[in-house]
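Each chain, letter by letter, is given below.
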Amino acid sequence: ITLGFVLAIHYKSLPILYAVTAFRAATTAMYYPVTTSLICMLVPEKQDLLLANTMKSWAWSTMAMFGGFLAGSLAAVIGLDSCYLIDSLTFFISAALLTQIPGRYTVAQEQQANVADETGFVPISAIALEDNIYPQQQSKVSSVVKGFSDFGLYLWTCGFGIFTLLKATAAFVWGAEDIISTAFAEAGTTTESAKSIRMGLTFTFIGIGAFLGPTAANLFIDTNQPKTLSVVCWVGFFLQLLSWLGMSQAHKFDVFLLFTLIRATGSSIIWVNSTLLLQTMSAPQQLGKVLAVEFFTYTIAESVAASSAGRMEDAGVSKNQIAGISAGIAICATLVWGVLLRKDFPSSSLCPWQPVETAEQEIVSTKQGGVN
């Protein structure tokens, strides 16, 4: 799909550009809930899950730091079409690496049932749907409408459905970032190469913030206490508020980079820990759909925010004024979530993940059991 951008550049066609962007966004929408759920299957312990999500953030931040700087530099030398060719190659390499991850990626429903027997707890999903937790009962749901209504009832009664809007609210706050970044990169520059380098530096600072945020937040998080996750998410909103207030007064590119670092730190804290909240509290059979709802609301919010910022810029609103409006949105988000995150949480230990072992893992487990 990424190769389509090369065609858009070659033919200078906006329709091709929009079509390719739409297709890539559609694949991303499928990729996010699947891979985020996959982490839970590979990493069963909640405290390890914290590190696993943080490592995923580290991978993204490393990509943003080095990839952003390289892309900005290379674009000025070899052109955008060559950069997209390199981008396409990295996707092929990523796909090849993913095929090397072994495992039977299915929800371990039998093991989930055993956990319920041991703890004496019946998952909320089973109560809300008036269903048995065993897979034979859930597999009888043949109607798509019934499936959606069942999931809607689960999300309404689970006690943490509101957290699917955490990432969306944050996206509405940071949605103007691309418009603001482009405006600051273009201010005071006359050549395309200088603009490309500045954009590369912007992504590098975003990557640094994305690395620092979750790493620092981990020092204060205990996944057995969801309240700690909610606290760091609120801190993320507060950091975004500070960054937009700073950008509303910034006139130099280096000052903008400093506040970009702060904003990226806050947004990455929210990104990682809002997902972790859902991972640790959702029933395994519902997690993929819960994450899909989260990504759907996030996409809508970011699209609305970015489109609104673009329209304001076209209408003559300055970059500092747009940043000030974003700061106002951040104030509202920080206050609202400050109230919502004070609520009591359902216990995250009631729906633990028990991943299905691979054939190789089963052999190792059997041998270890025999030794013991």
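Everything that follows concerns the structure shown earlier in this document.
Residues numbered from 1 in each chain as written. Predicted model: local features only at pLDDT ≥ 70, side-chain atom pairs only at ≥ 80, totals over all residues. Heavy atoms only, no water.

## Some thoughts on the overall build of the protein
From N to C terminus, the protein includes 16 helices and zero strands. Sequence-distant contacts in the protein: of pairs separated by 6 or more residues, those separated by 24 or more amount to 80%. Accessible surface for the protein amounts to roughly 19,400 Å². Of this, 68% is attributable to carbon and sulfur atoms. (Helix = DSSP H or I, 4+ residues; strand = E, 2+ residues; numbered from the N terminus. Contact = heavy atoms within 4.5 Å. Areas by Shrake-Rupley, 256 points an atom, 1.4 Å probe, with all protein chains shown as cover.)

## A closer look at the packing of helix α13 (residues 253–281) against helix α14 (residues 284–314)
Interhelical geometry of α13 versus α14 gives an angle of 150° and a closest axis separation of 10 Å. By the angle between their directions, the pair α13 and α14 is classed as roughly antiparallel. In terms of crossing hand, the pair formed by α13 and α14 is right-handed. Listed contacts from α14 to W271, S274, T275, L278 and Q279 of α13 are L287, V290, L291, E294 and Y298. Counted by class, the contact of α13 with α14 contains six nonpolar, three polar and one charged residues. (Axes fitted to C-alpha atoms, helices over the stretch in contact; angles between N-to-C directions. Parallel < 35°, antiparallel > 145°, perpendicular 65-115°, else oblique. Left-handed = near helix turned anticlockwise from the far one by under 90°. Nonpolar A, V, L, I, M, F, W, Y, C, P; charged D, E, K, R; others polar.)

## Thoughts on the pattern of salt bridges
Oppositely charged side chains may form a pair once their charged atoms are brought near each other. In the structure shown here, the tally under the stated rule is two salt bridges. A salt bridge links E294 to K167; the nearest nitrogen and oxygen atoms lie 2.6 Å apart. A residue pair is termed long-range when its members are at least 10 positions apart, and E294 in helix α14 and K167 in helix α9 (residues 166–174) qualify at 127 residues. Like E294, the residue K167 is buried in the burial classification. Across the salt bridge formed by R263 and E177, the nearest N and O atoms sit 2.6 Å from each other. One end of the pair, R263, is in helix α13; the other, E177, is in helix α10 (residues 177–186), and 86 residues separate them in sequence. Judged by its relative accessible area of 3%, R263 falls in the buried class. (Salt bridge = Lys/Arg side-chain N within 4 Å of Asp/Glu carboxyl O. Buried < 20%, exposed > 50% of the residue type's maximum accessible area, 1.4 Å probe, protein only.)

## Observations regarding the packing of aromatic side chains
With the rule as written, the count across this model stands at 10 aromatic pairs. Look at F184 and F256: their rings are 4.4 Å apart centre to centre, the planes differ by 10°, and that puts the pair in the stacked class. Residue F184 is located in helix α10, and its partner F256 is located in helix α13; the two are separated by 72 residues in the primary sequence. Each member of the pair, F184 as well as F256, carries the same accessibility label: buried. Arranged with centres 6.5 Å apart and planes meeting at 10°, the rings of F237 and W337 form a pair that is stacked. Here F237 is found in helix α12 (residues 226–249), whereas its partner W337 is found in helix α15 (residues 319–340), with 100 residues between them in sequence. Residue F237 is classed as buried on the basis of its relative accessible area of 1%. Its relative accessible area of 3% is what places W337 among the buried residues. Lying across the ring of W271, K167 places its NZ or CZ 4.7 Å from the centre. One Lys or Arg, R198, reaches over the ring of F253 and ends 4.5 Å from the middle of that ring. (Phe/Tyr/Trp six-rings, centres within 6.5 Å; stacked < 30°, edge-to-face > 60°. Lys NZ or Arg CZ within 6 Å of the ring centre and 35° of its normal.)

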